[in-house]
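# Examining the three-dimensional arrangement
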Amino acid sequence: MKVCLIAEGCYPYVVGGVSTWIQTLISEFSDVEFCVHTIGVNEEDRGRFKYELPQNVTEVHEIFLNTKNTGAKRKTAYRVDAVEKDVLKSLMLNENVRWNEVFDFFSQKEIHPMEILMGKEFLDLAMEVYYKSYSRTVFVDFLWTLRSMYLPFFTIIKNPVPEADLYHSVSTGYAGVLASMGKHLYNKPFLLTEHGIYTREREEEIIKAQWTKGYFKDMWIQHFYKLSRCAYDYADKVVSLFFVNRDLQIELGCSDEKAIIIPNGIQEEKYVDLPGKDEAEEALAIGAIVRVVPIKDIKTMIMAFNEVKMQVPNAKFYIMGSTDEDPEYYEECIKLLDSLGTTDVVFTGRVDVKAYIGKMDILVLTSISEAQPISILEGMAAGKPWVVTNVGACSELIEGTTDDNLGSAGLVVPTMNIGRIASAIIRLGKDPGLRRRMGDAGQRRVRKYYSHQDFISKYLEMYEMLGGALSWQA
Amino acid sequence: MAGIGFELKKLFRKSGFFNVFKGVLYASASTIGPIILVIIALLVIHTLMNVFNIPYIQREILSSAILYAFVFSLIIATSIGTVLSRYISDKIFNEEEADIIPSLYGSIALVTGITGILGIPFYIFARLPGLFSFGAYSLLMILAIVFVLMHYVSAIKEYRKITIAFLIGTIAGAMIGSLLFYIFKIDIIYVILYAMACCFLFTAAYMFFVIRSFFKADSKKYFEFLGYFREYKLIFISGFFYILGLYVHNFIFWFSPIGNVVADTYRCSYTYDMASFLGMLTNLSATVIFVVKVETNFHQRYQRYCYAVMGGSLDEIKIAKKDMARILNHELFFITEVQLIITLTLICAGIALLPMLGFGGLILDIYPILALGYYSVFMMYFIIVFLYYFDDQKGALYVSGIFLATTILISSVTVGMGTVFYGLGLLAGGVAAWIAGFFRLKTLLRNIDYHMFCNISEGKVSE
């Protein structure tokens, strides 16, 4: 069986949860042939893989959002005919989008995105859209916003996915559209797994963004809603990792029959008998398994540590993760530490967590945004209590879902709340019994609901149900 | 070009006859200065030749030398001038003014080079006294330089200074002429020739001084402007086609039954050349009307349209576009009507009065056709100006190409037919190109949205 795996902005360029998940999946299904179709951001990243691709990856196609290759101007520019214009119109007005015809158009013709975007037909359509909802804005700004929205879109879908037995995309957005295209062109099934909800993430980014004006932000957000809707409509099954996200998907238009949950899983037996703390070590070891990047809100963590240190003088903090990803942010964290004067804070860089987790007493995660962090599962498997912020699946992992009465695996606190984070850490720090009870609850939960075996067998079921029997001739 | 219109409008608005007169004077100086100059020069020379009883043959030689000097210097300078003006205005707009002075040196060098390549062999093989050849060649060269300089002075909008420059030149020329004739007792023919050359030398010197004091910096990029010829070769070719077309019918008739050979050197046609000179004179008012009224009115609406495109809503753009198109139509019709009346009136007056001034026979037969011919040529030229406003370089090329081709074709054909058909070449060329231009402009305006938003010339909204 050949699976076309479609990823956007993660694998294999960025080290992180989703990329690792993909790597694990591909490695586990070693009998399946994978073709990786990946969408990156900058052309410079081409070929710069942060993961060694497993043997069963037979093809890699890379496309980039920011590419110079938008097609040179040809002698006779392509003229969009009346039917095609109507199809584009449905796309641009976001009314009963004729996706099938959009896919046919882009796969059958030799399209140069700039040619269409600078053509008369597109201008006419732009004016229609303009009069519909944006007739008070500056027209030329509107036109260029529209062009900048569709340029990456056209660039990406003019590189259709190859034929495969199953299309598995790891987000909605452009990846989801590509998978939908594959399904339509080759009449093969489409499995969608969403870690974070792409649409919500883009919406948050755009709201905060400086690079576009207020009234155009709405246009961008609607554009992304449109892309996800396409994926939800075309997918045969839509997988999320936890309940909150499933609810979000349904809210965004996914039919609830398609929506299922397959949570992340880890091989918890590997985390059970890890090297523990030195007997002689008196200090309270508090650890965070995070890359030093803004979304993990390291700065809040540092400030919380600072408060903890004042109450628990023999505490030691370990920030275990790569510091290379955002050197600027790392510098800022160092400066913050210096200005606070906190001692006993260690940046370990990228390490093998298994060597360190066992030595921790408390684990902390203060991210602003998360899906279902593997790091929490790892910590729970190792029997460590957690202090986590209430984002994504974190509280579901720590407190359990409705029919789970295994107990709390830690304390859930609000994001960016230095005081609450600090007091949660201090509470755990002063109560070894609580730590042990919570750690045990965590272990039991991971074993019961988040095992690697379950994860693999559920995806195997998916693949077989949708794609047919699993076998691949070398 | 629009710059002068606005200055003049200001002048005209200040009521009073004197101001109006000043306005017309300045408008004339910059747009039709060269031709006025020719008129004055020829009149003066005509008078002098009568006063000093110069033999007919010598008159012919002198007139031909002057004619050749004017025509060829104008063709060379104008062809280069179209692209040069673009270079200068771009540099001013981009605030890279240090590049302007060296381009002046460079363009003077270029123009001198071209006149040299063409003029020196011509005068070496001419059967003329060496001193005369030298004078005639100098006149050619200095006129080319004057025309190039005029482009620079126009760019800095010192139109008044152009007038002053010619005045200074005239006075200097008259003084030197008197000196040469009365003190040094030199032959009147040579006196006139060299006095003219000096006149323009002083004109050029003054204009050079004006430009030099305006632009202080010098970046030493003498030939950077040559790059513009590659980038704007369409503009260059259009300009060349136009100016060549303006005189090519004369060239053709120099070799016709009514052509003359003067001193075995110059080919001309006294009859045809005089008729075309009079025809051009008849239509000069068109240029003044265009610059003062037509272009200024249009320019305002055009600017409003550009601003709307850059920062307005679609409704605002549509309104500005309608307004601009309306004004364009209105102004074009205005000048077409008004100038036609003027031209027809002057033709009638001419037919009645010119015999009294000594013009007779064939000249009076050809003159009305050529007058109408120049009328249509000027109308065509104005359309080209508007095409340039919308950066339709291709359109301008088509129109000027049609003009040149038709003029050459029909002129050549009519040479073989009777004299009653002479002059139709120019008329046919002008009318054909005018019609072509009109439809081109109409289509352009209809598709102006596409033109503005879909041609990837970022922000080339000029002026």
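A brief look at the structure comes next. Throughout, a residue's number is its position along its own chain's written sequence, starting from 1. The order in which chains are written sets their letters, starting at A; the order in which ligands are written sets their numbers, starting at 1. Local features are withheld for residues below a pLDDT of 70 in this predicted model, meaning they are given only at 70 or higher, and side-chain atom pairs are given and counted only at 80 or more; totals for whole chains, interfaces and linings count all residues. Values reported for side chains reflect all heavy atoms of the structure, with hydrogen atoms and water molecules removed beforehand.

## Some points on the interface of chain A and chain B
- Working rule for contacts: check all heavy atoms of both residues, and any pair within 4.5 Å makes them a contact. Listed per partner, the contact involves 15 residues of chain A and 15 residues of chain B.
- Once two parts are joined, some of their accessible surface, as seen by a 1.4 Å probe, is lost; buried area is that loss totalled over both. Taken together, the two surfaces of chain A and chain B that pack against each other cover about 1,300 Å², and 69% of this comes from carbon and sulfur.
- When the buried surface of chain A facing chain B is broken down by residue, A:M118, A:Y131 and A:F139 rank first, second and third, together holding 37% of it.
- Here, a salt bridge means any Lys or Arg side-chain nitrogen found within 4 Å of an Asp or Glu carboxyl oxygen. Counting across the interface, chain A meets chain B through zero salt bridges.
- For this analysis, a polar contact is any N or O atom pair within 3.5 Å, provided that within protein one partner can donate a hydrogen and the other can accept it, and provided that sequence-adjacent residues contribute only side-chain to side-chain pairs. Counting across the chain A and chain B interface gives four residue pairs in polar contact (both at pLDDT 80 or more).
- Secondary structure elements with two or more residues in the side of chain A that touches chain B: α5 (120-133) and α6 (139-157) of chain A.
- With five residues, α5(A) is the largest single contributor of residues to the side of chain A that touches chain B.
- Here the term charged refers only to Asp, Glu, Lys and Arg, the term nonpolar to Ala, Val, Leu, Ile, Met, Phe, Trp, Tyr, Cys and Pro, and the term polar to all other amino acids, Gly among them. Grouping the amino acids of the side of chain A that touches chain B by side-chain chemistry returns nine nonpolar, three polar and three charged. Each helix is a run of H or I in the DSSP string that is no shorter than four residues. Each strand is a run of E no shorter than two, and both are numbered from the N terminus.

## Overview of the packing of helix α10 (residues 233-254) of chain B against helix α11 (residues 270-282) of chain B
Residue and element names in this part refer to chain B.
- Each axis is a line fitted through C-alpha atoms, taken for helices only over the stretch in contact, and angles between the N-to-C directions span 0 to 180 degrees. At a minimum axis distance of 10 Å, the contact between α10 and α11 shows a crossing angle of 165°. Taken as axis vectors, α10 and α11 run roughly antiparallel relative to one another. Here the hand of the crossing between α10 and α11 comes out right-handed. Contacts between α10 and α11 involve Y247, H249, N250, F253 and W254 on the former and, on the latter, Y272, D273, S276 and M280. Comment on the angle field: the value is read as roughly parallel under 35 degrees, roughly antiparallel over 145, roughly perpendicular from 65 to 115, and oblique elsewhere. Whether a crossing is left-handed or right-handed is set by the direction in which the near helix is turned from the far one by less than a right angle, anticlockwise for left-handed and clockwise for right-handed.

## A few points about the packing of aromatic side chains
- In this analysis, rings of Phe, Tyr and Trp, with Trp reduced to its six-membered ring, are considered paired at centre separations within 6.5 Å, and the interplanar angle assigns stacked below 30 degrees, edge-to-face beyond 60, and tilted for intermediate values. In this structure the tally under the stated criterion is 69 aromatic pairs over all chains.
- Ring geometry for B:Y68 versus B:W254: centroids 5.1 Å apart, planes at 10°, classification stacked. Taken as a pair, B:Y68 in helix α4 (residues 56-93) and B:W254 in helix α10 lie far apart in primary sequence, 186 residues in all. Grouping residues by exposure puts B:Y68 and B:W254 together as buried.
- Three or more aromatic residues joined by ring pairs form one cluster here, namely B:Y242, B:F290, B:F298, B:Y302, B:Y381, B:F382, B:F386, B:Y389, B:F390 and B:F403.
- The residue whose ring lies beneath A:R147 is A:W144, and the NZ or CZ to ring-centre distance is 4.6 Å.
- A cation over a ring is seen here: A:R202 above A:Y198, with NZ or CZ 4.6 Å from the ring centre. Each residue gets one of three labels from its accessible area relative to the maximum for its type: buried under 20%, exposed over 50%, partly exposed in between, using a 1.4 Å probe on protein chains only. A ring is scored as having a charge over it whenever the NZ atom of a lysine or the CZ atom of an arginine sits within 6 Å of its centre and within 35 degrees of its normal.

## Considering unusual backbone geometry
Residue and element names in this part refer to chain A.
- Backbone torsion omega between Y11 and P12 reads -10°, so that peptide bond is classified as cis.
- Position of P12 relative to the elements: it lies in the loop between β1 (2-8) and α1 (17-28).
- Positioned with a positive phi, N94 is a non-glycine residue whose angle comes to about 60°.
- A positive phi is found at M416, a non-glycine position, where the angle reads about 55°.

## Description of the pattern of salt bridges
Residues and elements named next belong to chain A.
- The full count for this structure, using the stated rule, is 31 salt bridges over all chains.
- A salt bridge links K309 to D344; the nearest nitrogen and oxygen atoms lie 2.4 Å apart. In this pair, K309 sits in helix α11 (residues 298-311) while D344 sits in the loop between α12 (327-340) and β10 (345-347), placing the two residues 35 residues apart along the sequence.
- Note on D344: relative accessible area 35%, which makes it partly exposed.

## Examining helix α10 (residues 243-251) of chain A
Residue and element names in this part refer to chain A.
- N245, L248 and Q249 are the residues of α10 that are buried. Around the axis of α10, the buried residues are gathered within 100° of arc, so they sit on the same side.
- Tucked inside the fold, the buried residues of α10 contact α8 (198-208), α9 (214-234), β6 (237-240) and β7 (259-261).
- Just past α10, the residue G253 takes up positive phi, approximately 115°. To be clear, the arc concerns the directions from the helix axis to the C-beta atoms.

## Structural notes on the pairing of strand β12 (residues 386-389) of chain A
Residue and element names in this part refer to chain A.
- Of the two faces of β12, both are covered, the one formed by W386 and V388 as well as the one formed by V387 and T389.
- Of the pairings in the sheet, the one linking strand β11 (residues 362-365) to β12 comprises three bridges and is parallel in character. The partner of V364 across the bridge, within β12, is V387.
- The handedness rule is simple: strands pointing away from the viewer, and a clockwise path from the first strand over the helix to the second, make the crossover right-handed. For the handedness criterion, the β-α-β arrangement of β11, helix α14 (residues 374-381) and β12 is classed as right-handed.
- Note: two strands are recorded as paired if DSSP finds a minimum of 2 bridges between them. In this structure, β12 lies alongside strand β13 (residues 410-413), joined through four bridges in parallel fashion. Across the sheet, V388 pairs through a bridge with V412, a residue of β13.
- Once the chain exits β12 it traverses helix α15 (residues 394-399) before rejoining the sheet at β13, and the crossover so formed is right-handed.

## A look at a nonpolar patch on the surface
All names here are of chain B.
- Patch membership requires over 30% relative accessible area and the absence of a salt bridge. Like charges are linked within 9 Å, and nonpolar side chains (Val, Leu, Ile, Met, Phe, Trp, Tyr) within 5 Å. For the area figures, the Shrake-Rupley method with a 1.4 Å probe applies, and any residue is considered shielded solely by the protein chains shown. Together, L179, Y182, I183, F184 and I186 make up an exposed nonpolar region whose accessible area comes to about 530 Å².
- As for its position among the elements, L179 is in helix α7 (residues 159-183).
- Given the relative accessible area of 44%, L179 is considered partly exposed.

## A look at the sheet that holds strand β9 (residues 315-319) of chain A
All names here are of chain A.
- Read from one edge of the open sheet, six strands run β10-β9-β8-β11-β12-β13, paired in parallel fashion. Taken across any chain shown, the strands that pair with only one partner, and hence form the sheet edges, are β10 and β13. For this sheet, the mean inter-axis angle between neighbouring strands, taken without regard to orientation, is 20°.
- The pairing of β9 with β10 spans three bridges and is classified as parallel. Bridged to I319 within β10 is F347.
- Relative to β13, helix α16 (residues 418-430) is tilted by about 170°, and along the sheet it contacts β8 (284-288), β11, β12 and β13.

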